[in-house]
Structures are given as structure tokens and as C-alpha cells.
Amino acid sequence: MRKLLLILTLIVLSTFAMAEVVEIVFWHNMSNPVDKKSIEESVAKFNKTHPNIKVKVVLVPGTETEVTKLMTAVAAGTGPDVYYLDRFTVAQRAHQGVLECLEDYLVQLGVDVEKLKSKYFDFAIAEATYNGKLYALPWDTDVRVLYYNKKLFKKAGLDPDKPPVTIDELDEYAEKLTIIKNGRIEQLGFIPWFGQGWHYTWGWAFGGKFYDEKTQKLCFADDPKIIASFKWQKKYADKYGMKNIGAFQSAYTGANLNPFLAGKLAMVVDGNWFLAQIRTFAPKDFEFGIAPIPYPVYGEAGSTWAGGWSLVIPKGAKHPKEAAEFILYMATEGQVKYAIDTYHLPTYKEAIPGLVEADPMQKYFAELLPKAHCRPVIPVGALLWDKLTEARDYILWGKKTVEQALRDAQEEVQEALDKALGKK
Amino acid sequence: MSPWPPPRGPFKSTLKIGGRKMRKYQRRNFVKGMLFILPWLIGFAVFTAYPIIASLYFSFTEYHVTTKPQWVGLENYKKLFNDVLFLKSLTNTLYYVAGLVPIGLVVGLVLALLLVQPLKEIVFYRGIIYFPSIVPAYAFATIGIWFFHPYLGFINHILGFFGIDGPMWLSDENWAKFTIILLSQWGAGGTALIYMAAIKDIPRELYEAAILDGATRWQMFKKITFPLISPATLYYLVIATLGALQIFDLPQIMTGGGPANSTLSYVMYLYRHAFTYVNMGYASAMAWILFIISMFLTFLIFKTSKRWVFYYGARR
């Protein structure tokens, strides 16, 4: 009996030793040195704790909606095992057949998927899901807030500790903070569409709704609140003139030039990552405050929306099971470390305390997360984004009325959506 | 393609030079020559000919790269002509062509005429004029943004001396395209170089004879220089037209297509469909329309060229 046991253990051990190390390839585009370092450290730790898997990290170009390299590689069957994908496009790419269903592999690994989901913020799980199944695990996230320059507030006779709360106040302050000399804008109080003042930002702040999940219909063109949000933006375009605003903005083309940091734009809606830019690039004596995004009386107080990235397994991955194991590690332990190292907001709830401890100012952003909006989870998310942006430009430049621009965009995207959903 | 190596039997009789059968050494030479260009032939077939043909097929399909192409007939082409942005990008591009080609011609030619003047330090000037052409597009686009900045830019500063309130350039949808055309002249050194070579090729005695006959400088330019550099002009027109039809980097970097899509070029829009929306079928259809437009314009230039291109010493 003892002999048999010995032989058995020997066999088990030898197979263990002989088991080939599986190499999985991980493509990401976090080229920022701080982010990159954190990823590399997490990967090194994973490789150490998982001797049967070796992760190879490759930095590839790619942006939010531009994934040329991935698409061609998947089409040619030479794609990576793990890819870093903008979360709001997960449904779209899953629909296009670019992604493996991550949930199936997680189940194979014996993971309690429901329990795992509960560890992330709801919006992030919603974005990572397609047809009721997880196609990604969420990575970092972000929120949008109002930043304002306290010095300019004082100069204009405003209380630097009382940022605007409502849209009416915002308009009033913006007026007071604007300086125009000889027809040239020297200083602007506010530009609604600057920074992160997107269609979604204002649409939600005004209490609007873009998409109805039940009927699978886009509804922004019929929503009076969203129409109002665009009409309000148009008032700024009319008041200062798009050309003048364009000229004012064009002095700040370039990576780290920002009129807000230069003290020429008093208020701006931007993301939590902007905090790091202020710390790095603003003058030493720069004084700023952070406040929720202003809203009209009928709107939504403290409204914001979150984006962010995720980890997925592209179709045709050679070792999808090991890839799922790596993704699971990165999206949990890796995220805790990433939040502390880089101040990126995590989607993994357990990573929040570490982040707030590392940088107390992040607490403000973290508190906004639980009720943050996320963009409609539809297979034509990128198109919707572009068409909304296009509609906004038509409106601001006076090419179309608000109603017409939104109607055109809605019809075009709805047609593509119906087609994608197989309704036509 | 025919099988390789070609079968021996029929090969003998099919290869003929001037109606006569190839001699043995000629045949060997031919095979050798083919072997030498084989790498290029393979590259051409795989990386150029095949993609071109494939894109023609894709243009009749709905194709998202990772899914199988689905035949939709002329659907993509029909949709294109109802696509407002497509039509906008097409008219923008034709505007670029109409501006870039003639302005580039005048600027290049004037520079060339200046650069053939018999000055001692002319080599230095030639270097300076050509220098901007080697600056990468990204660098000079970024500089260009500042050059044409409405308030702080060099151009409006100079105009200010003359009491002119300069336009908003890139921020004004009516001026943005023109600004890009002006800025493109930055690279006029290349055209100037070609013209310079052509001008220097003109025999001196023609000018000497003209001077004896009392011709003015303008007359000499009109009757001697311009006609005799017309082959270079033909070359320029074809290359510049094709280049202008494919304009991409300057508007992409400087304006991203704005303001209000006024600088959106054809290829920028094509790129968007191909790589942002992964709408390869639609993008392929766009590529083919551009190809047909390019062919048509080139054909037009060649067709008229018989009337205005002169080769020195050749009888008409």
C-alpha cells in the first residue's frame, strides 16, 4: 500500500514537473510609464504564483474605438490571449464575434460568477455583459466633475468656496468670469462642451434618457430634457460665437496645454484623471476646487458617468482557460495594486479603501461611483457616440436645429442597431 | 498566374521576340530576368494585386473583418450617395484638389524660376527652400496651427501691421480648407526641384536667339520656358492630383475634420469607416469610387496633354 502511494505521488509529481508551461500573450496600450510599471509588476507576481502559466506582455497601439491591430490579428488567427478593451465597446465587439465568452471559462475554473459580479460596481458589470453573459472583467473606471479656479472666483468677486450648483448659477458665474477685450476672448467663464462636457454628461445632468433597454429603442431625440441640454449649450455658442471660442481654444492645442491650467478658463468639466494633470502641470500657486456637475431644477443632482477599460479574451485565443485565470487575477488583486499605484479609480469595490488611503482626495470621486451612469450597452456604441458628437457639432455651428440634428442621429443609429440585433 | 516553373514543351513556341522564336540563350536570359524580379512579382501579387481585387469583392458585401462577408450587391454604393457626410467629404476633397493643384503649380514654378538664377550663393537658397519638404507632416502641422493662430499667430500678426484684421483661419469653417491648402505649400520644394531640373534642361541657344530678336522676359517665359517644361507639368499635374485626392495627414492632425466637418477629407472618412466602425464593405466601396475618380482625372489630364505637352526636338 505504501509502495503504491509512493508510486502514485511520484507519478503526480512527475506529471506536475513535466507539465508544459503555457505562455499567454497579453496586449495592452497603457503606455503611460506609471500605469505600465504597475501592470508589469502585477504580471511578474502572477507569473511567480502561477508556475504553469507565463504571461508575455506586449504594448500595442490602440485607442478607445480604434482597434485595427486586434481586428486584423483576430481575422488572421494570430490574436493575443488577453486584450485590453474599452469597456463601452465590449457589447459591440462581442456582437461582431471578436470575443470569446469569458463567463464560460470562469465557470470551468470553478468561479462563482454571481458572487464575483457582486464585487464590482453595477455599471461596470452591465458594460461587460452581452446577451446575459460576461464577456469581460472590468478594469479601471473614471468619473466626471466640475473643476473651478478659486483665484479667478476671488478676482470676479465670487465666493471661492461656493461653486455653482444649478445651471442658472453656472450661467451667472460664467458671465461674471468672462473677460472680452476688443472683441477677443481673454478669459472665459465656461465652455459647456470643453473637456469632458460631452452629450452624455449634460444629457444625464439634465435628467434625460438616451436608450430604453426594454424596447431596445434609442429615445434621446424624443426626450425634452435632452433637447433642453443641447439648447442650453447652443446658448453659449450663440453668445460668444463658435469662431471666437475656436480661436480661444486653439491657443491650447497640445498635450499639456489647457486653458484651465493656464488660468484662462475659470470652470471646466473634466475627469478624475485631470487631478493628476493639475498636480503635474499647473503653476505652484494654482488654487482649485472640485464640485458636482451643475444641473437644472428638473435634472439630476450629483450626476456623473463612468467609462473605463476591461480585459477580454479575443476569439481564437490559444489558451483561453489560462487567459481567464490571468484576467481574474488582474481584475481583482491586480486592480487593488493598480488603484494605489496609478490613482485610477477601480471598478473592484475592495480596491477603494487602498486608493483613498493613498490619496485622500480620491474619496470624492469614489463616492460618486455607485450611482454613476454608463453609456448604453448596445452593439453600436461607438457609432452612437460619434453620431451624438456629430449632432452636437451641427447644433453648435447652427447647421441644423436641435430637434432635427437629434432626430437624424437617432434614426441613423437605430437603423444600425436594429440590423445588429437582427430585427431587420 | 501561370504555373511555375513554366512547362517546357509549349513554352518554346510561345515565347517570341519580334515574331521570331526565342533563341536558347535568349530564353535563358528571360528566365533569369524573371527570377530576378520574382521577389517583386510575388510582393506585387500578394500585397497589391490581391488586396485590390479583394477590395472590389468586399465593396459588394457587408464585411466586418471578423465575420464572413455577406453579398449585398450594390447596397453600399447606393447608401454612399445618400450619405451626407460622404458627399461632404467628397466636395471637400474636390475643393482641396482645385486649390492644391494650381496653387502648388504656381508656387513650385515661381520658386524654381528663382532658384535657377545665376547667383553665387544659390546653392544655399536651394537648400533652404527644399529644407521644409523633409520635415515630417506631424511636425509642420503642429507648427502650422501656431502659424495660423487667430490671435497669437505669425500670419495675423503680419497682417495686423497693414491694419488688416486677419481671419480665424482654422477656426472658421469658410477658411479652414484654404488654410490647409496654404500650409501645404510648405512642401513646395519638391515641385520646385522637378521644375528646376526641367528648366536647366532647356538649351541656352533658344534664349540667346530670343534676346537677339528683342524678346521680353515674359515673352521668353511664355514661348520658351513654359512650353519646354510641359512634360514636367504633366508629371506634376498627375502626381499632385492623385496626392490631393488622398489628402489625410494635415486635416487629420490640425483639425480632425472640423470645424463642422469643413475639412473632413475623403480618405479621413474612409479611414473612419474602415477602422473605427470596422465597416470594411462600405469603406471598400468608398475606395473604389475614389479609384474611379482618380482614373478619370488622370485620363482627362493625359487626354488633353497631347495639346499642350511638347517634347524638345520631337515632331508633332
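In this text, all values refer to a predicted model and were calculated from it rather than measured experimentally.

Cut-offs used in this document
- Residues numbered from 1 in each chain as written.
- Chains lettered and ligands numbered in written order.
- Predicted model: local features only at pLDDT ≥ 70, side-chain atom pairs only at ≥ 80, totals over all residues.
- Buried ≥ 20, exposed ≤ 12 C-beta atoms within 10 Å, placed from the backbone.
- Helix = DSSP H or I, 4+ residues; strand = E, 2+ residues; numbered from the N terminus.
- Pairing = 2+ DSSP bridges.
- Domains from an automatic or database assignment.
- Contact = placed C-beta atoms within 7 Å.
- Nonpolar A, V, L, I, M, F, W, Y, C, P; charged D, E, K, R; others polar.
- Core = buried A, V, L, I, M, F, W, Y, C linked by C-beta atoms within 7 Å.
- Axes fitted to C-alpha atoms, helices over the stretch in contact; angles between N-to-C directions.
- Expected span 1.5 Å × (residues − 1).

Quick notes on the pairing of strand β9 (residues 184-190) of chain A
Residues and elements named next belong to chain A.
Then, number 1: Buried residues dominate β9, accounting for five of its seven residues.
Then, number 2: Between the antiparallel neighbours strand β8 (residues 179-181) and β9 lie two residues, among them N182 with a positive phi of about 50 degrees.
Then, number 3: Here β9 pairs with strand β12 (residues 265-271) via two bridges, running parallel. Each bridged residue has a counterpart across the sheet, and for F190 the counterpart in β12 is M267.

Observations concerning the domain arrangement of chain A
All names here are of chain A.
Then, number 1: Per the domain assignment, the segments of chain A are domain 1 (15-142 + 307-371) and domain 2 (164-305 + 378-420).
Then, number 2: Domain 1 and domain 2 are separated by 30 Å when their C-alpha centres are compared.
Then, number 3: Contact residues are listed per partner, giving 13 residues for domain 1 and 14 residues for domain 2.
Then, number 4: Breaking the side of domain 1 that touches domain 2 down by element, the ones donating at least two residues are α4 (90-95) and α16 (362-368).
Then, number 5: Class assignment of the residues belonging to the side of domain 1 that touches domain 2 gives a composition of eight nonpolar, four polar and one charged.

A closer look at unusual backbone geometry
Then, number 1: Non-glycine residue Y343 of chain A carries a positive phi angle of around 60 degrees.
Then, number 2: Positionally, Y343 of chain A belongs in the loop between α14 (320-342) and β15 (345-346).
Then, number 3: One non-glycine residue, A260 of chain B, lies in positive phi territory at about 50 degrees.
Then, number 4: Using a count of 18 C-beta atoms within 10 Å as the deciding quantity, one classes A260 of chain B as partly exposed.

Observations concerning the interface of chain B and chain A
Then, number 1: With 21 residues of chain B in contact, the opposing surface of chain A contributes 23 residues.
Then, number 2: Grouping the amino acids of the side of chain B that touches chain A by side-chain chemistry returns 12 nonpolar, seven polar and two charged.

Points about the nonpolar core
Then, number 1: If you look at the biggest cluster of nonpolar residues, it comprises 181 residues, and the most contacted ones within it are L102, Y135, A136, L311, V312 and I327 of chain A.
Then, number 2: Counting residues per element, this core draws most heavily on helix α4 (residues 84-115) of chain B, at 10 residues.
Then, number 3: Filtering out sequence-adjacent residues up to four positions away, L311 of chain A remains in contact with V82, Y84, A136, L137, W139, I327, M330 and A331 of chain A.

Details of the domain arrangement of chain B
Then, number 1: As far as domains go, chain B holds domain 1 (1-58) and domain 2 (78-308).
Then, number 2: The C-alpha centroid of domain 2 of chain B is placed 39 Å from the C-alpha centroid of domain 1 of chain B.

Section: the sheet that holds strand β7 (residues 144-149) of chain A
Working definition: the strands of a sheet are paired by backbone hydrogen bonds and lie parallel or antiparallel to each other.
Residues and elements named next belong to chain A.
Then, number 1: Within the open sheet, the five strands sit side by side as β8-β9-β12-β7-β13. Their pairing is mixed. In this open sheet, the two strands that pair with only one neighbour each are β8 and β13 (288-291). Going from strand to strand, the sheet's axes swing by 30 degrees on average, the running direction of each strand aside.

A word on helix α9 (residues 189-200) of chain B
An α-helix turns once every 3.6 residues. As a result, residues three or four positions apart point the same way.
All names here are of chain B.
Then, number 1: Between the first and last C-alpha of α9 there are 16 Å, a value that for 12 residues agrees with the 16 Å anticipated at 1.5 Å per step.
Then, number 2: Among all positions of α9, only G189, T191, A192, Y195, M196 and A198 are buried.
Then, number 3: Tucked inside the fold, the buried residues of α9 contact α4, α5 (122-130) and α12 (230-245).

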